[in-house]
Amino acid sequence: MSPNPATDLKSHLAGLFTTALEVVAPEATDTPVVLERPKSAAHGDYACNVAMQLARRLKRNPRELAQRVIEQLPNSPWVERAEIAGAGFINLFLRPEARREVIRSVLAAGDAFGRIGVGGGRKVQVEFVSANPTGPLHVGHGRGAAYGASLANVLEAAGFQVAREYYVNDAGRQMDILSVSAWIRYLELCGEAVPFPPNGYQGDYVRTRATELRAIDGERFRRDAAAVLERLPEAADGDEDAIEIRMDALIARAKALLGEDFDHLTRFVLERQVEEIRDVLSRFGVHFDLWYSERSLYESGRVAQVLEVLDQAGHLYTQDGARWFRSTAFGDDKDRVVQRENGLFTYFASDIAYHHDKFQRGFDQVIDVWGADHHGYIARVKAAITASGTDADRLIVPLIQLVALFQGGEVVKMGKRSGSYVTLEDLMDDVGVDATRYFYLARKCDQHLDFDLDLAKSQSNENPVYYIQYAHARVSSVLEEWDGDRIDLATTDLAPLDAPAELVLMQRLASYPDAIEIAARDYAPHIVAFYLKDLAAEFHSYYNGTRFLVDDEAVKRARLALVLAVQQVLRNGLALLGVTAPDRM
RNA sequence: GCGCCCGUAGCUCAACUGGAUAGAGCACCGGCCUUCUAAGCCGGGGGUCGGGGGUUCGAGUCCCUCCGGGCGCACCA
C-alpha cells in the first residue's frame, strides 16, 4: 500500500481531467489541473477550476467549457458523478466505497498515516529558540519553541529529513556580563562587599549560580573587594554610558584577577544555564539533536576562515579601523562591520560562519526561526550566504511575532537584566504543557499574540485543546466499553457507513495528508491545529447523534472502525503539535 | 524618514500559495443527560473583511495610496 493513498487518488483524478482536456482544448493542454478540497461538503470531495482557467485563455464561456470537460471525463471506479457549480467549478463526488477506503488506510498505516513523501528525503535543518543563555526562557521564547518543534515534526511527517538545532550564544560581552554578575553574587556570599552593577543580570538564578559555585569550588574565586574595585571608573545613577564603561572595566578586572579561572567560572555558569534551559524545554516536550556553540566557531578558527574567504573574493574592506562586509552588493541597505576597531569580531561575523557551516553540513534547506524583532537582520545574513556562493533562497526565516503578556488587563513588562518577567516555566506550571503548546500554535506565527494569563489560568478548561483531547478520550471510552479486538476492525465490512455525518467524517480523514502537505509547504503548523479542531467537532457531532454500540453487529463494527480511525488521526495530529492524547479526562 | 509584520463578528482568531453563501471559539439568548464521558451536542442573533482606487470571469487574499497598531533601522547580541 502506498504511504499516501489520498495523493494517489488525487493524481488519478487529475489524470482524468488531463485526458478530457486533450479533447476539449487540444491547444491548451498545458493548463495546470489543480484539484482542491472544497470548504463545503456540499461541493463534493474535490473541485477543479480548470474550466475557468481555460475560459480566460480561450475566451469562451466557463460553464460551457466545464460541461464539455465533464462529457469527456473518462469513467473512473472512484467517481460517482461530476457536476458544474458556481461560475464553472467542476465538483467531483466520490462513490461511498471510495470514501470508505480512507478508514482502511488509516487503520493499516496507524501512526504512519499522514506521513507523506513531498519532502523527498531532503535534508532540512530547523534552528529555533536559540535564546541567550544569560537568563531563563520567557513566554516569547516559548512561542518560538512550540512553533519550531511542531514545524520540525510537520516537516518530518511530510518526508523531510529534519535536524533540530539550538544555537548557543555563549560568546561575547553578554556572556562576560553574566560571568561577572555571578562572580559578584559569589563574592557577596564570601562576605566581600562589592556593589552589584545596575546593568548586571539581576535575576535570582544568578544568585543560584553563585551558590552552586561556592558549594563546588569553595573560595577559589574569592578576591578582596578592594582589589576588585580599585580605580574602577565611577558611574552615576542614570548615566548609561558611564555604567557601560564601568562594566567593561569590571569585566577586565575580573579577567585580570581571576586569570584562567575566569574562563573556568564562565564555563561553569554557562553549563548550568544551558542545562536549565534544556530541562525546561524537555519538560515542554521540545528536544534538539544538536546544541551548537557560538564559542566553538571562534575556537575552531571558523570565523577567521570564513572572513578570509570573503576577503579573498573581495567582499571585505577596511574603513575607520574596522573591517566591513560589502553586503550592499547583495541587496542589503548598508554595509556591515564584521570586525570592530578594537579587533573583536561582531556577532554578525560568527553568524556568517555559522550559516556557512550549516550549508557545509549538507542541508538542502535551512530554517531559522527568529523573533520578529530580528527581521532587519535577514538581509545581511542572506547577503553573506550569497557572497559565499550559496543560493540564499535555501534559507527560510519564519518570523515569530512578539508575545505580549496580559495580567489583570495590563501588559506585563519584561526585562531580562532587571529579572522581572514571567518565565516559560511559570507558564507551563500555571497553564499546563498541553494547553500552553496549543495556545501558542493556534494562530499563525506572524500574528501578534496577546497571552492573557488570567484567561489561560482561570478558564483553562475552556481551552480548545481539551475539546480535541476530549474527542480522543471519548473514543477510548467507547472502545473500552465495547471490549473487542481492535485488530478485527481493520478488515471489517464498511458498507453500513452511509449516513451524512459518516461521509463527512471520512472526507475529513482523507484530507489529513493534505493538511500536512499545506502545513509543511507554508511552514504553518497551525494548519494542523485547526484541522484537528474541525475533525474533533465533526466527531463530537457524530457522537451525539449516533450510538455506536448498537445490537446490529455489522453496523457496530463499521462505526467502531470509523471512530477508531478518527482517534488515530487525532493522535497523529496531536503528536505533531506536542500535545498528549489522553484516554481519559 | 526608511524597512518588515499586522488590521476580518463585542473579544481571541481561521479562511488550503486569487475561487463558490467569509467560518470557528469565547461572550449573549433558547433547547438536549434513565442510553458509549454534558470538558459535549442542536438552534438563534451578531460582518462597510481599517478607508479609497486598480488588476481579474472572480479579491479578505495581488498592486497603488491613505489611516491605525507592533517591531526594527549599532563598530549590542
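Just so you know, these numbers come straight off a predicted model, no measurement behind them. Every chain begins its residue count from 1, and numbering advances along the sequence as written. Written order determines the labels here, with chains lettered from A and ligands numbered from 1. Two thresholds apply to this predicted model, a pLDDT of at least 70 for residue-level local features and 80 or more for giving and counting side-chain atom pairs, whereas whole-chain, interface and lining totals are computed over all residues. By convention in this description, side-chain values take in all heavy atoms of the structure and omit both hydrogens and water.

1. Side note on the overall build of chain A
No. 1: Helix and strand definitions follow DSSP, with helices as H or I runs of at least four residues and strands as E runs of at least two, each counted in order from the N terminus. Scanning chain A from terminus to terminus reveals 23 helices and 17 strands.
No. 2: In terms of principal-axis extent, the alpha carbons of chain A reach across some 90 × 60 × 40 Å.
No. 3: Any pair of residues with heavy atoms lying within 4.5 Å of one another is described as a contacting pair. Sequence-distant contacts, at least 24 apart, represent 73% of the contacts inside chain A between residues at least 6 apart.
No. 4: The averaged location of the 85 negative side-chain charges in chain A is 3 Å from the averaged location of its 65 positive side-chain charges. Neither His nor the chain ends contribute to the count of charged residues, in which Lys and Arg are positive and Asp and Glu negative. We put the charge of a Lys on NZ, of an Arg on CZ, of an Asp on CG and of a Glu on CD.

2. Some points on the sheet that holds strand β3 (residues 79-85)
No. 1: Read across the sheet, four strands follow the order β1-β2-β4-β3 without closing on themselves; strand pairing throughout is antiparallel. The open sheet is flanked by β1 (35-36) and β3, the only strands paired with a single partner.
No. 2: The sheet contact formed by strand β2 (residues 46-48) and strand β4 (residues 89-94) spans three bridges and is antiparallel. Note on β4: the bridge partner recorded for Ala-47 is Asn-91.
No. 3: Only the contacting stretch of a helix is used when fitting its axis, a line to C-alpha atoms as for every element, and angles between N-to-C directions run 0 to 180 degrees. Of the strands in this sheet, β3 and β4 are in contact with helix α3 (residues 62-72), which crosses β3 at around 165 degrees. The criterion for strand pairing is that DSSP finds at least two bridges linking the strands in question.

3. Some details on the protein's contact with RNA strand B
No. 1: The cutoff for a nearby residue is simple: one of its non-hydrogen atoms must lie within 4 Å of the molecule or strand. Residues in contact with RNA strand B amount to 66 residues; listed here are only the nearest, Phe-89, Arg-340, His-375, Tyr-470 and Ser-477.
No. 2: Backbone atoms, meaning sugar and phosphate, make up 64% of the atoms of RNA strand B lying within 4 Å of the protein.
No. 3: Two N or O atoms form a polar contact when they lie within 3.5 Å of each other; inside protein one atom must be a possible hydrogen donor and the other a possible acceptor, and for residues adjacent in sequence the pair counts only when both atoms belong to side chains. Between a base nitrogen of RNA strand B and a main-chain N or O atom of Thr-546, the distance comes to 2.4 Å.
No. 4: Between a sugar or linking oxygen of RNA strand B and a side-chain N or O atom of Arg-547, the distance comes to 2.7 Å.
No. 5: When residues of the surface near RNA strand B are traced back to their parent elements, those giving at least two are α2 (50-58), β4, β9 (322-325), α18 (464-482), α21 (512-521) and α22 (526-545).
No. 6: With eight residues, the single largest contributor to the surface near RNA strand B is α18.
No. 7: Three classes are used: nonpolar for Ala, Val, Leu, Ile, Met, Phe, Trp, Tyr, Cys and Pro, charged for Asp, Glu, Lys and Arg, and polar for all others, with Gly counted as polar. Here the residues of the surface near RNA strand B are counted per class, giving 25 nonpolar, 20 polar and 21 charged.

4. Some points on the packing of aromatic side chains
No. 1: Any pair of Phe, Tyr and Trp rings, taking the six-membered ring for Trp, is counted once the centres come within 6.5 Å. Such a pair is stacked with planes under 30 degrees apart, edge-to-face with planes over 60 apart, and tilted for the rest. Throughout the structure, instances matching the rule amount to 24 aromatic pairs.
No. 2: Ring geometry for Phe-288 versus Trp-291: centroids 5.3 Å apart, planes at 70 degrees, classification edge-to-face.
No. 3: Taken together, a centroid distance of 5.2 Å and an interplanar angle of 35 degrees make the contact between Tyr-542 and Phe-548 tilted.
No. 4: Burial here depends on accessible area, computed with a 1.4 Å probe over protein chains only, as a share of the maximum for the residue type. Under 20% is buried, over 50% is exposed, and the range in between is partly exposed. Taking relative accessible area as the criterion, Tyr-542 reaches 1% and is therefore assigned buried.

5. A short note on unusual backbone geometry
No. 1: At Ser-130, a residue that is not glycine, the phi angle is positive and equals roughly 45 degrees.
No. 2: Mapped onto the elements, Ser-130 comes out in the loop between β5 (123-127) and α5 (139-157).
No. 3: Unusually for a residue other than glycine, Asp-483 sits at a positive phi of about 65 degrees.
No. 4: Structurally, the position occupied by Asp-483 is in the loop between α18 and α19 (486-489).
No. 5: A residue is classified by how much of its surface remains accessible, and Asp-483, at 65% relative accessible area, is exposed.

6. Some thoughts on empty space enclosed by the protein
No. 1: Points on a 1 Å grid, built from protein atoms alone, make a cavity when a 1.4 Å probe fits but cannot get out and make a pocket when they are open with protein on both sides within 12 Å along at least 5 of 7 lines; residues with an atom within 4 Å of a point are the lining residues. Grid points are joined across faces, edges and corners, and a volume is the space filled by probe spheres set on the points. Using the criterion set out here, one finds one cavity of 30 Å³ or more in the structure.
No. 2: Lining the largest cavity are Arg-143, Tyr-147, Tyr-440, Leu-441, Arg-443, Lys-444, Cys-445, Ala-524, Pro-525 and His-526.
No. 3: For the lining of the largest cavity, the class distribution of residues is six nonpolar, one polar and three charged.
No. 4: Counting contributing residues, the lining of the largest cavity receives three or more from each of domain 2 (128-290 + 401-454) and domain 3 (461-577). Reported domain spans reflect what an automatic or database domain assignment gives.

7. Topic: the side chain of Asp-335
No. 1: Position of Asp-335 relative to the elements: it lies in the loop between β9 and β10 (336-339).
No. 2: Between Lys or Arg on one side and Asp or Glu on the other, a salt bridge is scored when a side-chain nitrogen of the former is within 4 Å of a carboxyl oxygen of the latter. As a buried residue without a salt bridge, Asp-335 has its nearest oppositely charged side chain in Arg-326, at a separation of 4.8 Å.
No. 3: Within the local environment of Asp-335, its side chain forms a polar contact with the side chain of Tyr-317, the two groups lying 2.6 Å apart.
No. 4: Side-chain polar atoms of Asp-335 contact the backbone nitrogen of Ser-327, separated by 3.3 Å.
No. 5: The contact partners of Asp-335, leaving out residues within four places of it in the chain, are Tyr-317, Trp-324, Phe-325, Arg-326, Ser-327 and Thr-328.

8. Observations regarding the sheet that holds strand β13 (residues 395-396)
No. 1: Taking strand neighbours across the sheet as the criterion, the five strands line up as β7-β6-β5-β11-β13 in an open arrangement whose pairing is parallel. The sheet is open, and its two edges are formed by β7 (290-293) and β13, each paired on a single side.
No. 2: Here β5 runs beside strand β11 (residues 365-368); their pairing, made up of four bridges, is parallel. Bridged to Val-126 within β11 is Ile-367.
No. 3: This element, helix α13 (residues 347-360), spans β5, β6 (161-168), β7, β11 and β13 of the sheet and lies at about 160 degrees to β6.

9. Observations regarding the domain arrangement of chain A
No. 1: Assigned domains within chain A: domain 1 (8-94), domain 2 (128-290 + 401-454) and domain 3 (461-577).
No. 2: Computed over C-alpha atoms only, the centres of domain 1 and domain 3 are separated by 30 Å.
No. 3: Across the domain 1/domain 3 interface, buried area totals approximately 390 Å², and carbon plus sulfur atoms make up 38% of it.
No. 4: Applying the counting rule to domain 1 against domain 3 returns one salt bridge.
No. 5: In this structure, Asp-514 and Arg-37 form a salt bridge, with 2.3 Å as the shortest nitrogen-oxygen distance.
No. 6: Considering only residue class, the side of domain 1 that touches domain 3 consists of one nonpolar, one polar and three charged. Buried area adds together the accessible area that both of two parts lose upon being put together, with accessible area traced by a 1.4 Å probe.

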